[in-house]
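Inside the fold
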Amino acid sequence: QFRIGIKCPYAIQVLLLYGAECGIGLDSSYRHKNENRAPVTFMVTTDENERMVPGPVFVSGDVKTETLIIFLAKVKELVESMAEDIVNDTAMIDEALRLHQEELIANADAVLNSGEWVPLFFMIDKCRAEYHAILHVWPGACIRLCQFHVIQSILRWEDEKGDPEARRPSLKQPKQHMLLYAFRDLQRAYDEDTCEEEKGLFLRRIREKIVPNGKNKDAEVDTITIYFERNWFDPFWRDLWTDIGLPAGHNRDRISTNNFTERAFKTFDQIFLDNRANKSMYRLILIISNEWFEYCRQWHPNYAKRPAKEYVEMMQRAHEIWNSGVGIVYIGTDEKSREIWRVAP
């Protein structure tokens, strides 16, 4: 029966400021957060520089449609109430968001004129409870399935449960990647007709290119086909991972993964839990309410990320130094028994 929502004015205002343009990420974490393994649900968005900014947090005894509806409905109510407050009194705007005052006021006006706050999209993992809860609060909402988790699931497809009658055939890594590339072409379907065309091509590739010839070829093709029919071709999920479900005028350049929500959890675990399992529910709630929001508020990002090319080049250079065998020098351990390494000049 335990459930608690945690918020502050800053967390509500960033949803009002960015949600309608940049969308919302919704995800829950069960591991290492409290002694009861009660899930912690983060609702986050991104700013104009594609950096994560936090919305309210929900801690509950479970993640079910009914409990998520309570949380999401309350958040929607809070954002719409905040919009009215800002229109009536701009002094309500948080100091951390003063640079975005004009846009925040404009978004507040838009909410009052339309009568409700509707995010551009919701990015989720493959969670039916989240899906049903979102549609209950926002009928007709655009819901997207995180592409990273789709890819991860397919690369691990032979280990997944769901087919009690037969184990799926084992595919070597090159064949797994061929399967993935074929599926990614299928994801580009943008309506019913192209989806059926791409699906036919995908199944033909499985038979002709991916499953090796042998006495069990037909059975192996059938088991792979059954897996995709049950897990991905089902109408319930199809529009969430194909281009069919994208908002009008948008592509996958920004609406692609739930990585910004994963980033929130990673930051929380690293900085506030010191990569350790938290054992106290009371401590968890105090950290979120007193430290998490204030940390993000004080360090609200105001500059763009580096271009992806620069990150790739940096990582390549780092691997070159590491693989050289002489570029990294082991120093020892610090007071917390963590290993220390130094890059040689």
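Residues numbered from 1 in each chain as written. Predicted model: local features only at pLDDT ≥ 70, side-chain atom pairs only at ≥ 80, totals over all residues. Heavy atoms only, no water.

The name an unreviewed UniProt entry gives the protein chain is MULE transposase domain-containing protein, with Dendrothele bispora as the organism.

1. A few points about the overall build of the protein chain
Note the cut-off: Think of it this way: any DSSP run of H or I at least four residues long counts as a helix, any run of E at least two long counts as a strand, and we number them from the N terminus. Between buried and exposed lies partly exposed: a residue is buried under 20% and exposed over 50% of the maximum accessible area for its type, with that area taken using a 1.4 Å probe on protein chains only. The protein chains shown are the only cover counted for residues, whose accessible areas, like all others here, come from Shrake-Rupley with a 1.4 Å probe. Under the convention used here, Asp and Glu are negative, Lys and Arg are positive, and both His and the chain ends fall outside the count. Here the site of a charge means NZ on Lys, CZ on Arg, CG on Asp, or CD on Glu.
Within the protein chain, the secondary structure is distributed over 12 helices and 8 strands. Based on the C-alpha atoms only, the size of the protein chain along its principal axes is roughly 75 × 60 × 45 Å. Residues classed as buried in the protein chain amount to 45% of the 345 residues present. Summed over its atoms, the accessible surface of the protein chain is roughly 19100 Å², and 50% of this surface lies on carbon and sulfur atoms. For the protein chain, the separation between the mean place of its 45 positive charges and that of its 53 negative charges on side chains is 8 Å.

2. Some words on the confidence of the model for the protein chain
Just so we agree on the cut-off: Think of pLDDT as the predictor's per-residue confidence, scored from 0 to 100. Contacts are assigned to residue pairs that have any heavy atoms within 4.5 Å of one another.
When pLDDT is averaged along the protein chain, the result is 87, and 96% of the positions lie at 70 or above. This model gives residues 160-166 a pLDDT under 50, and the stretch forms 10 contacts once residues within four places in sequence are excluded.

3. Some details on helix H11 (residues 281-298)
Applicable threshold: Under the convention used throughout, the expected extent of a helix is 1.5 Å for every residue step, that is, one less than its residue count. Values of bend correspond, residue by residue, to the angle between axes fitted over the seven residues ending at that residue and the seven starting there. By the criterion applied in these results, polar contacts are pairs of N or O atoms within 3.5 Å in which, for protein atoms, one can donate a hydrogen and the other can accept it, and in which residues neighboring in sequence qualify only through two side-chain atoms.
Taking 1.5 Å per residue as the helical rise, H11 with its 18 residues ought to reach 26 Å, and the 25 Å between its terminal C-alpha atoms agrees with that figure. Along H11, the helix axis deviates most sharply at Ile288, where the bend reaches about 40°. Here H11 has its buried residues at Met281, Leu284, Ile285, Ile287, Ile288, Trp292, Phe293 and Cys296. Where the residues of H11 are buried, they touch strand E1 (3-6), helix H1 (9-22), strand E3 (40-46), strand E4 (52-60) and helix H10 (259-272). N-capping of H11 is provided by Ser280, with a side-chain oxygen placed 3.3 Å from the backbone N of Tyr282.

4. Regarding the pairing of E4
Here is the rule we go by: By definition, two strands form a pair when at least two bridges between them are found by DSSP.
Buried residues dominate E4, accounting for 9 of its 9 residues. Across 4 bridges, the pairing between E1 and E4 is antiparallel. Considered in E4, the bridge of Ile4 is made with Val59. Here E3 runs beside E4; their pairing, made up of 6 bridges, is antiparallel. For Thr46, the partnering residue across the bridge sits in E4 and is Met52.

5. Regarding unusual backbone geometry
Phi is positive for Arg37, which is not a glycine, with a value near 55°. Within the secondary structure, Arg37 sits in the loop between strand E2 (24-29) and E3. By relative accessible area, which is 52% here, Arg37 ends up exposed. Despite not being glycine, Asp274 shows a phi value in the positive range, around 55°.

6. Observations regarding the sheet that holds E1
How we decide: Only the stretch in contact is used when a helix axis is fitted, and all axes are lines through C-alpha atoms; the angle between N-to-C directions ranges over 0 to 180 degrees.
An order of E1-E4-E3-E2-E5-E6 is seen for the 6 strands of this open sheet, with the pairing classed as mixed. Each edge of the sheet is formed by a strand with only one pairing partner; in this case those strands are E1 and strand E6 (143-145). Ignoring which end each strand starts from, the neighbouring axes of this sheet average 25° apart. Here E2 pairs with strand E5 (residues 122-124) via 2 bridges, running parallel. Residue pairing in the sheet places Gly25 in a bridge with Met123 of E5. Across the sheet, helix H2 (residues 65-88) lies against E1, E2, E3 and E4, angled at about 140° from E4, the strand it touches most.

7. Quick look at the packing of H1 against helix H3 (residues 101-114)
Inclusion rule: Each angle receives one of four descriptions, namely roughly parallel if under 35 degrees, roughly antiparallel if over 145, roughly perpendicular if within 65 to 115, and oblique otherwise. Throughout, the ten residues Ala, Val, Leu, Ile, Met, Phe, Trp, Tyr, Cys and Pro are labelled nonpolar, Asp, Glu, Lys and Arg are labelled charged, and all others, Gly among them, are labelled polar.
Across the interface, H1 lies against H3 with an axial gap of 9 Å and an inter-helix angle of 75°. The orientation of H1 with respect to H3, classified from their angle, is roughly perpendicular. Counting all contacts with H1, which are made through Gln13, Leu16, Leu17 and Glu21, the residues of H3 involved are Glu103, Leu104, Asn107, Ala108 and Val111. Here the residues of the contact of H1 with H3 sort into 5 nonpolar, 2 polar and 2 charged.

8. Topic: the pattern of salt bridges
Spelled out, the test is: Put simply, a salt bridge is a Lys or Arg side-chain nitrogen that is within 4 Å of an Asp or Glu carboxyl oxygen.
Taken as a whole, this structure holds 16 salt bridges when the rule is applied. The shortest N-O distance in the salt bridge between Lys199 and Glu229 comes to 3.3 Å. Here the residue Lys199 occupies a position in helix H7 (residues 192-210), and Glu229 occupies one in helix H8 (residues 217-231), the gap between them amounting to 30 residues. Across the pair Arg238 and Asp239 runs a salt bridge, and its minimum N-O distance is 2.9 Å. Residue Arg238 is classed as buried on the basis of its relative accessible area of 12%. Look at the salt bridges and you will find they share partners, linking Lys76, Glu80 and Glu116 into a network.

9. Digging into the nonpolar core
Stated formally: By convention a nonpolar core is built from buried Ala, Val, Leu, Ile, Met, Phe, Trp, Tyr and Cys residues, the set being connected through side-chain atoms within 4.5 Å. Marked domain ranges trace back to an automatic or database domain assignment.
If you look at the biggest cluster of nonpolar residues, it comprises 92 residues, and the most contacted ones within it are Met43, Phe228, Trp232 and Trp292. Both of domain 1 (3-145 + 259-281) and domain 2 (147-241) provide at least three residues apiece to this core. When near neighbours in sequence (up to four residues on either side) are disregarded, Phe228 contacts Ile154, Leu179, Phe183, Phe202 and Phe233.

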